[in-house]
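# Architecture at a glance
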Amino acid sequence: MKYIVKNLPEYFKFQDKALNSPEEFWGDIASTFVWKKKWDNVLNADMVNADIKWFEGGQLNITENCIDRHLKDRGEETAIIFEPNSPTEKAQHISYNQLSVEVNKIANVLRSQGIEKGDRICIYLPMIPELAYTMLACARIGAIHSVIFAGYSSTAIASRVNDAACKMVICADGSYRGTKEINLKSLVDKALENCPSVESVLVIKRTNGEVSMQSNRDFYLEELMQETQTICKPAVMDAEDPLFILYTSGSTGTPKGMVHTTGGYMVYTAHTFANVFQYKEKDIYWCTADIGWITGHSYILYGPLLNGATTIIYEGVPSYPDHNRFWEIVEKHKVNQFYTAPTAIRSLAKQDIKHVEKHDLSSLKVLGSVGEPINVEAWNWYYHHIGKERCPIVDTWWQTETGGILISPIPFTTPTKATFATFPLLGIQPVLMDDEGVEQEGNLTSGNLCIKKPWPGIARTVWNNHQRYKDTYFSAYPGYYFSGDAALRDPAGYYRITGRVDDVVIVSGHNLGTAPIENTINEQTIVAESAIVGYPHEVKGNALFGFITLKHEISSEEQENLKTAINEAIADQIGPIAKLSKIQFTVSLPKTRSGKIMRRILRKIAANELDNLGDTSTLLNPEAVQAIIDNRTD
Ligand code: WTA
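Just so you know, these numbers come straight off a predicted model, no measurement behind them. (Residues numbered from 1 in each chain as written. Predicted model: local features only at pLDDT ≥ 70, side-chain atom pairs only at ≥ 80, totals over all residues. Heavy atoms only, no water.)

In this section: the overall build of the chain. Along the chain, the regular secondary structure elements total 19 helices and 30 strands. For the chain, whose C-alpha radius of gyration is 24 Å, the value lies close to the compact-globule estimate of 26 Å for 634 residues. Its C-alpha atoms give the chain principal-axis dimensions of roughly 75 × 65 × 55 Å. Expressed as a percentage of the 634 residues in the chain, the buried residues total 60%. Residue pairs at least 24 apart in sequence account for 71% of intrachain contacts in the chain once pairs closer than 6 positions are excluded. A total of about 24,300 Å² of accessible surface is found on the chain, and carbon and sulfur atoms cover 47% of it. (Helix = DSSP H or I, 4+ residues; strand = E, 2+ residues; numbered from the N terminus. Rg over C-alpha atoms; globule rule 2.2 N^0.38 Å. Buried < 20%, exposed > 50% of the residue type's maximum accessible area, 1.4 Å probe, protein only. Contact = heavy atoms within 4.5 Å. Areas by Shrake-Rupley, 256 points an atom, 1.4 Å probe, with all protein chains shown as cover.)

The next subject is unusual backbone geometry. At the junction of Y320 and P321, the peptide bond is cis and its omega measures out at -5 degrees in the coordinates. For A50, which is not glycine, the phi dihedral falls at a positive 55 degrees. Among the secondary structure elements, A50 is positioned in the loop between β1 (41-46) and β2 (51-56). If you check the backbone angles, K388 has positive phi at about 50 degrees while not being a glycine. Looking at the secondary structure, you find K388 in the loop between α14 (376-386) and β20 (393-396).

Here we come to helix α11 (residues 325-333). Since the α-helix turns once every 3.6 residues, residues separated by three or four places project in the same direction. Of all the positions in α11, only R325, F326, W327, I329, V330 and H333 are classed as buried. K334, located one to two residues past α11, shows a positive phi value of around 50 degrees.

Looking now at the pattern of salt bridges. All told, the structure shown has 35 salt bridges when counted by the stated rule. For D28, the salt bridge is made with K17, and the minimal N-O distance between the two is 3.8 Å. Taken together, the residues span a long stretch of sequence, with D28 in helix α2 (residues 22-30) and K17 in helix α1 (residues 8-20) at a distance of eleven residues. Across the salt bridge formed by K365 and D283, the nearest N and O atoms sit 3.0 Å from each other. A residue pair is termed long-range when its members are at least 10 positions apart, and K365 in the loop between α13 (354-357) and β19 (366-370) and D283 in the loop between α9 (262-277) and β16 (284-287) qualify at 82 residues. Relative accessible area serves as the criterion here: at 29%, K365 is assigned to the partly exposed category. Here the residues in one salt-bridge network are E83, R325, E328 and K332, joined through shared partners. (Salt bridge = Lys/Arg side-chain N within 4 Å of Asp/Glu carboxyl O.)

Right, dumping it as structure tokens:
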């Protein structure tokens, strides 16, 4: 891999090249991969029209780069360590050779089921090795995978399957998460009542629980694999052919199917993985995210395998069977790079420190954080107790849309600073904008975080809705990618991400759009109107507060029942992660004169910042604010 940063002068030198000669810079990096045909142009981008292409004319298959090219020299090295939910179940070490066999066999099964290049396949699986195998099998034959986090409800599955018109669903019979066993197949069955595009379902046995199998539609993968060849010729993909779709919440409307393409995503995830984690041969790398999110796609699967790394897939949760599980796994597998989310750090920091102290964590070299701003207490705890003040923390800022990390320290190079994501990675040019679209010059400033130049990993479109892609990311500041986050720049030029500026709330690291939750609440016949806002929460980072008006008064007992019904409906329609932590029924919601709900004020009330509500006199109904404050129940 080229341009791996070893010190600050080198960082500035490479950054200069990446920003001033991006074609040469990214072309050099891309040349280190296996291509079937070299590209004609490294870059062809129009940021005003949101038309971005990298490595146009190039042809490749990403699985040859993730698997085949490692086989000759390191086929027996471990690609994946699978750590099961239960510590009594043995961990599995899957070599690159074994990975190749599994992926090729499954790819042949997919072909024999009539899947062709460009078809969409929905994958709804727990964190088991088959999740990696099936994603790579899709990529092997050019099918587009759409992974849906296995905590989502039937309704959420159905809407995503229908949006992408998936031809097949791959699921497991069930999943283990801590003490829970969840029947995933029954959730899929319910979803598929409303999914006309799905022709077949492949079921992977994990729990061996009871499932119903529909004849001619549902098949056990292991049965189909029995007679299958272990070689599957990889499909030849154009660099700009879609690799996958991954849904992310927006502030309005349905989730957006972000489309990532093959060549640019490969080059960007591989390069950022190598730089941000400073991965060395034989290191053991562990990212605790779920592969159902972008962090898992880019930094459990593709980034590590492209580098020939050993990557851990952990099936369970941080608290099972006890709060020492993460540290036990670090010790057991001698983890060198550990990448997790602030919400996990906060919840583990609340436990007795003995859970940490009884484990040998001396293998750790680099610690990572992702998904939401990390608060100073969590940063310090992580640095002192887990990294023992030896391991730099890489606070990595990025998004589903960006494909890979954009702002992060380079360990052992960039001096870290608690709560700061520090400098942009190579080729990334962040800018801070004021509301008028004026770029804020110099340091010690703040604004809306935009990116000025295209980078290879950026999503190319929203599935089936390019206009929405353009409107969401390229219209606020024409010619710039707008992230939806605000940030500040300190005197040294370090970036600190301060949070979302739209109606997306990040709860335990999961992006939740408030609009779909409000729609679900409003479906209750007695509900007149609702507004959801986030408020600070000790462990989750943010939790959801719902302010709800009813069509007529009800007794307090009926109110309690309604709260339960609302949360059940949310769990059913969206998923349990979107449940409201607090609900307040109120006579009216504060509105502007044009009738828009003033969420800014509700956010302050929810956060209990009552002496800082701002000017309420211009509201249509200023009395609504006082009524809500007077009736607060907690
Ligand atoms: C937030 C996750 C502060 C941010 C990779 C972003 C962060 C959203 C950080 C994307 C960080 C992610 N510091 N905030 N280090 N990393 N975020 O799409 O608001 O699930 O816009 O991608 O998470 O979340 P997503």
